[in-house]
Amino acid sequence: MPNATTDSLYCLSGAQILTFDADNTIYDHGEIWFEKGEIIAVCDSEGFEPPDGKPVTRQHVAGRVIAPGFINAHTHSYSAILKGTVEKDPLDIYMLSVIASGAAMTPRETYVSAQLDALSMLRLGITSVIDHYTERPALTAEGLNAVCNGFSDIGIRATVATMFSDRPYIESVPIDRQALPQDVLGQYDAMDRPDAEAYFDLMDAALRHRGNETDRVHVILGVDGPQRCSDLLIEMTGDFQKTHNVGLHTHMLETKTQAVMRNPAKESFVRRMVELGSLNDKSSLVHFIWGQDDDIAAASEAGVTVVHCPQSNTMLGAGICPVLRLRDQGIPIAYGTDGSNCGPASYLETLRLGAHLMRLTEPDFEKWPEAKDILRESFQSGARAMGNTGRIGTLAPGHQADFSVMKPVDHWHRPMGDPILHLFYYETGESVESVWVDGVETVKNGMVMTVDEQALIAEAEEIVIHRRENMPSGIADAVAAQYPAFRDMILKTLASDETEMERRVTLR
Ligand SMILES: [Zn+2]
């Protein structure tokens, strides 16, 4: 792939540049200068004098808008080949299909799916992503290499958080076991218990090669939500974090069925993780819908980042994250599109829906954050969750040259009002003309330059057909056999007042 190691200075000039720096500076006819992947100046036209003798590669991009690349703080790359497979299942029903299908992906399938996910994101102006990487039945070095290489080769910036949990699914939800068929219970009981030691050994080896946060692709821990983990695993996670100073990215309290799985003393999940040493300012909690007051206080004290995923939260009917309450407690809010089977990779749709939901939870409209604040927060907090604070998310000297160049000429951008309001309320990602990551033009004229797009899509389609033809039989039957008990569990839990909180809407 192209690299940014040439000695040339690069300058894109003539565009309107939205810097999202501390003052939200906008240059109407600006220039952005960068060298070897790092921004060296952002200024008005002719505001920077290059050193004598340095070769300059210049592009005139008048009529365009340049903004920092979006930071998608939560996806699951394996789901790029599962688009259009989920309709209206809540999370717990959806999980039944995932577990029943159980089919492992080959390293090549993992690689292709990661590249396909990255392709969609890059084309929509996303330059950085956290992949909560899931491998079934267990994490392997080959799978982890494949996903990292997929991102590395296509040129996106990626933090790969390896998912792991050690409690059987059936023990992580408030299901009435008596209501499940005996043979289904037998299958759950016969499943292998994941080996935590093997996971940490693998991560120890992986961090030696891919643990550097300043590398474009690096790995962190992804030990999953506490209801899916034993205390021992959470303790081991805390110990590993201390010895390796590594980040953690985890799902947290996505559904009410998870919230009711607190221990009998009703101790808050988040505080329990903090006390076991596994949450700190290098941790990010995804969803965090059903946190009680003490969960929120503990998250704030620990300094974690929360990743808001309003598209999947609403598509799966999980609930509304109390974002304004979290912001009031000083918790940084990043945004994620979540897996491609739970909605498109459109970051701007995610931000918009997030903003709209805040307005339905807070009657005092003076407290609604402005578009520029949500955007800036999404850049800053996304960088924090990635482990890249101060390196990405702002167009300023010293930051990486990660940005997109948009040509806002479509009818919904004409006539053009405030450019930030246009970006936030009208842009779909379709105006993206080029995307630069680490100073490399990774998307040019709307096409990803680092892969053969058509060949990649064709291979992904072959993979889907092959996997469908070779899917173990009886998946639909296995889901159907459990469906009544799970439906009963979900409805009973939603109707109960056990959690003493509400995160869904009842109209009256
Ligand atoms: Zn997720």
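Residues numbered from 1 in each chain as written. Predicted model: local features only at pLDDT ≥ 70, side-chain atom pairs only at ≥ 80, totals over all residues.

Peer 1: I keep staring at the overall build of the protein and nothing clicks. Help me out?
Peer 2: Counting its secondary structure elements, the protein contains 16 helices and 17 strands. Its C-alpha atoms give the protein a radius of gyration of 23 Å, near enough to 23 Å, the size a compact globule of 508 residues would have. In terms of overall dimensions, the protein has a C-alpha envelope of 75 × 50 × 45 Å along the principal axes. With 508 residues in all, the protein has 48% of them scored as buried. (Helix = DSSP H or I, 4+ residues; strand = E, 2+ residues; numbered from the N terminus. Rg over C-alpha atoms; globule rule 2.2 N^0.38 Å. Buried ≥ 20, exposed ≤ 12 C-beta atoms within 10 Å, placed from the backbone.)

Peer 1: I tried to follow the nonpolar core on my own but got confused; where do I start?
Peer 2: For soluble globular proteins, nonpolar side chains are generally found buried alongside one another. Counting 124 residues, the largest nonpolar core has Ile 32, Ile 66, Leu 122, Phe 151, Ile 156, Val 306 and Val 307 as its most contacted members. For Phe 151, the residues in contact, after removing those within four places along its chain, are Ala 114, Ala 118, Ile 156, Ala 158 and Val 217. Formed by 8 residues, the second largest nonpolar core is a distinct cluster that contains Val 173, Ala 478, Met 489 and Ile 490. (Core = buried A, V, L, I, M, F, W, Y, C linked by C-beta atoms within 7 Å. Contact = placed C-beta atoms within 7 Å.)

Peer 1: Looking at this model, I keep getting lost on the pairing of strand E10 (residues 248-252). Mind explaining?
Peer 2: For a regular strand, side-chain orientation follows a simple rule: the groups alternate between the two sheet faces. The element E10 is extensively covered by neighbouring structure, given that 5 of its 5 residues are classed as buried. In E10, alternate side chains face the same way, and those of Leu 248, Thr 250 and Met 252 on one face and His 249 and His 251 on the other are all buried.

Peer 1: It is not clear to me how the environment of Ala 138 should be interpreted in this structure. Could you clarify?
Peer 2: For Ala 138, the location among the structural elements is in the loop between strand E7 (126-133) and helix H3 (141-154). Here Ala 138 falls in the partly exposed class, since 14 other C-beta atoms lie within 10 Å of it. The spatial distance from the C-alpha of Ala 138 to the C-alpha of Asp 195 is 8.6 Å, given a sequence separation of 57 residues.

Peer 1: What is the right way to look at the environment of Gly 30 in this model?
Peer 2: Residue placement: Gly 30 occurs in strand E2 (residues 26-35). For Gly 30, a count of 24 C-beta atoms within 10 Å corresponds to the buried category. Spatially, the C-alpha atoms of Gly 30 and Leu 18 are 9.4 Å apart, while their sequence positions differ by 12 residues. When near neighbours in sequence (up to four residues on either side) are disregarded, Gly 30 contacts Ala 15, Gln 16, Ile 17, Val 42, Cys 43, Asp 44 and Ser 45.

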